[in-house]
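Understanding the architecture of this molecule
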Amino acid sequence: MKKLLISDYDGTFNKTNKLVKMSENIDSVKDFMSNGNIFALASARSFISLKSQIQRYNIPYNYLICNNGGIVYDENDNVIFLHPTLNSVILKTIKYISKRKIFKSIIFKDYYGNVTTDLDKVYDIICVIDTNNIERLEEIKEELNYLCSTPFFHILIFNESIDKTDGIDVIISKEGIHDDDTYTVGNDFFDINMLTRYNGYRMHNSNPALYKPSIKKVPSVRKLVRSIEKQ
C-alpha cells in the first residue's frame, strides 16, 4: 500500500546535531520514494526560499507545500493548488498599514515568492516593523485576524487564514491515499493541525504545544521512515 509522508522543513527535516544528520534524512527519503511512496516537504517558507534549500542539499520530493499550506507544487514545480489572498484582504491590509507609521519597509510577493508591484498577483505582504514598536504586535494581531507573525525576526507576514492540512488534502486526493496511510512530522506550533489530523510525530525538544498523547515522538525523519516502512 502506497504511503504518504509530509515533513516540516526548518527544525525537522534539516535538523542536524550529534545524533542526527540531514544527509541521512535525504537518503532515507530517496529509499522511501523508490519503493513507490510519496514524500512532500511542508513549510511556511515561500517557493524560492524552500527551493534554494532543496537545490543546495539535493533533496528529493514529489510535492512541496509552501506558504504554510497556501500553495502546492508538484515534482516539476507546477502549481497544482493555490489559495490566493482575497483582494479585499489585500486592500484592507494596505489601508491599515498606510495609516500607521510603524513599519520600516513593506514588500509585496507573488505565489512564487518573487517581489511584485502588481496587486493582482500579490500573495504575501511582508512588513518589517521598527523595533521600537514591537509592543504593537499583539494589537496588530487583534485587528488583523488573518495575521501570521514571526516576532523573533520582527517580521509580520500577512496571509489569508490557511493551514498545512489544506495542502496535504490536495495531495491525498490527487494520489488516492487514505488518511491512515498519511504520516506527518514537525516541530512547531504551525504543525499542530497536520500532526493531530493524521499519523503525527513531533521532534525531540519541539514546541510544548505539540506535547499531546496523540502525537508520538521521533528523533529524526530517518527514524520515522524506517518505522513507517516496517508497518
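For the structure itself, consult the block above.
Residues numbered from 1 in each chain as written. Predicted model: local features only at pLDDT ≥ 70, side-chain atom pairs only at ≥ 80, totals over all residues. Heavy atoms only, no water.

**Quick look at the pattern of salt bridges**
Evaluated as defined, the whole model comprises eight salt bridges. Across the pair Asp10 and Arg45 runs a salt bridge whose closest N-O atoms are separated by 2.7 Å. With Asp10 in helix H1 (residues 9–13) and Arg45 in the loop between strand E2 (38–42) and helix H3 (47–57), the pair connects residues that are 35 residues apart, well separated along the chain. What makes Asp10 partly exposed here is its relative accessible area of 32%. Note on Arg45: relative accessible area 23%, which makes it partly exposed. (Salt bridge = Lys/Arg side-chain N within 4 Å of Asp/Glu carboxyl O. Helix = DSSP H or I, 4+ residues; strand = E, 2+ residues; numbered from the N terminus. Buried < 20%, exposed > 50% of the residue type's maximum accessible area, 1.4 Å probe, protein only.)

**So, the environment of Leu224**
In this fold, Leu224 is placed in helix H8 (residues 221–230). With residues up to four places along the chain from it excluded, the contact list for Leu224 reads Leu5, Val185, Tyr201 and Val218. (Contact = heavy atoms within 4.5 Å.)

**Here's the deal with the nonpolar core**
By size, the foremost hydrophobic cluster in this structure holds 30 residues, and its most contacted members are Leu5, Phe13, Phe39, Leu41, Leu64 and Val185. Considering every element that reaches this core, the biggest residue donor is helix H2 (residues 22–34), with five residues. With near-sequence residues (within four places) excluded, Phe13 lies in contact with Ser7, Asp8, Met22, Asn25, Ile26, Val29, Phe39, Leu41, Ile59 and Val221. Counting 18 residues, the second-largest nonpolar core is a separate cluster that includes Leu4, Tyr63, Ile65 and Ile172. (Core = buried A, V, L, I, M, F, W, Y, C linked by side-chain atoms within 4.5 Å.)

**Things to note about the packing of aromatic side chains**
Scanning the model with the defined rule gives four aromatic pairs in all. Arranged with centres 5.7 Å apart and planes meeting at 40°, the rings of Phe13 and Phe39 form a pair that is tilted. A residue pair is termed long-range when its members are at least 10 positions apart, and Phe13 in helix H1 and Phe39 in strand E2 qualify at 26 residues. For the pair shown, Phe13 and Phe39 are each scored as buried. By way of ring pairs, the aromatic residues Tyr9, Phe13 and Phe39 are connected into one cluster. (Phe/Tyr/Trp six-rings, centres within 6.5 Å; stacked < 30°, edge-to-face > 60°.)

**Observations regarding a nonpolar patch on the surface**
Residues Val79, Leu82 and Tyr111 make up a contiguous nonpolar surface patch of about 200 Å² in total accessible area. Here Leu82 is to be found in strand E5 (residues 79–82). The exposure class assigned to Leu82 is partly exposed, which follows from its relative accessible area of 31%. (Patch = residues over 30% accessible without salt bridge, like charges linked within 9 Å, V, L, I, M, F, W, Y side chains within 5 Å. Areas by Shrake-Rupley, 256 points an atom, 1.4 Å probe, with all protein chains shown as cover.)

**Section: the sheet that holds strand E12 (residues 216–218)**
Overall, mixed pairing links the eight strands, which are arranged E5-E4-E3-E2-E1-E10-E11-E12 in an open sheet. Since the sheet does not close on itself, it has two edges, and those belong to E5 and E12, each with one partner. On average, each strand axis in the sheet is inclined to that of its neighbour by 20°, with strand direction left out of account. Two strands pair when backbone bridges link them, and strand E10 (residues 182–186) and strand E11 (residues 199–203) are joined in this way by four bridges, in the parallel orientation. Directly across from Gly186, in E11, lies its bridge partner Arg202. (Pairing = 2+ DSSP bridges. Axes fitted to C-alpha atoms, helices over the stretch in contact; angles between N-to-C directions.)

**Topic: the pairing of strand E1 (residues 4–8)**
Every other side chain in a regular strand lies on the same face of the sheet, so the side chains alternate between the two faces. Taking burial as the measure, the five residues of E1 include five buried ones, the bulk of the element. The alternating pattern of E1 places Leu4, Ile6 and Asp8 on one face and Leu5 and Ser7 on the opposite face, and all of these are buried. Pairing analysis gives five bridges linking E1 to E2, with the strands arranged parallel. What sits directly across from Asp8, in E2, is Ala42. Pairing of E1 with E10 involves four bridges; the strand directions are parallel. Note that in E10 the partner of Ile6 across the bridge is Thr184.

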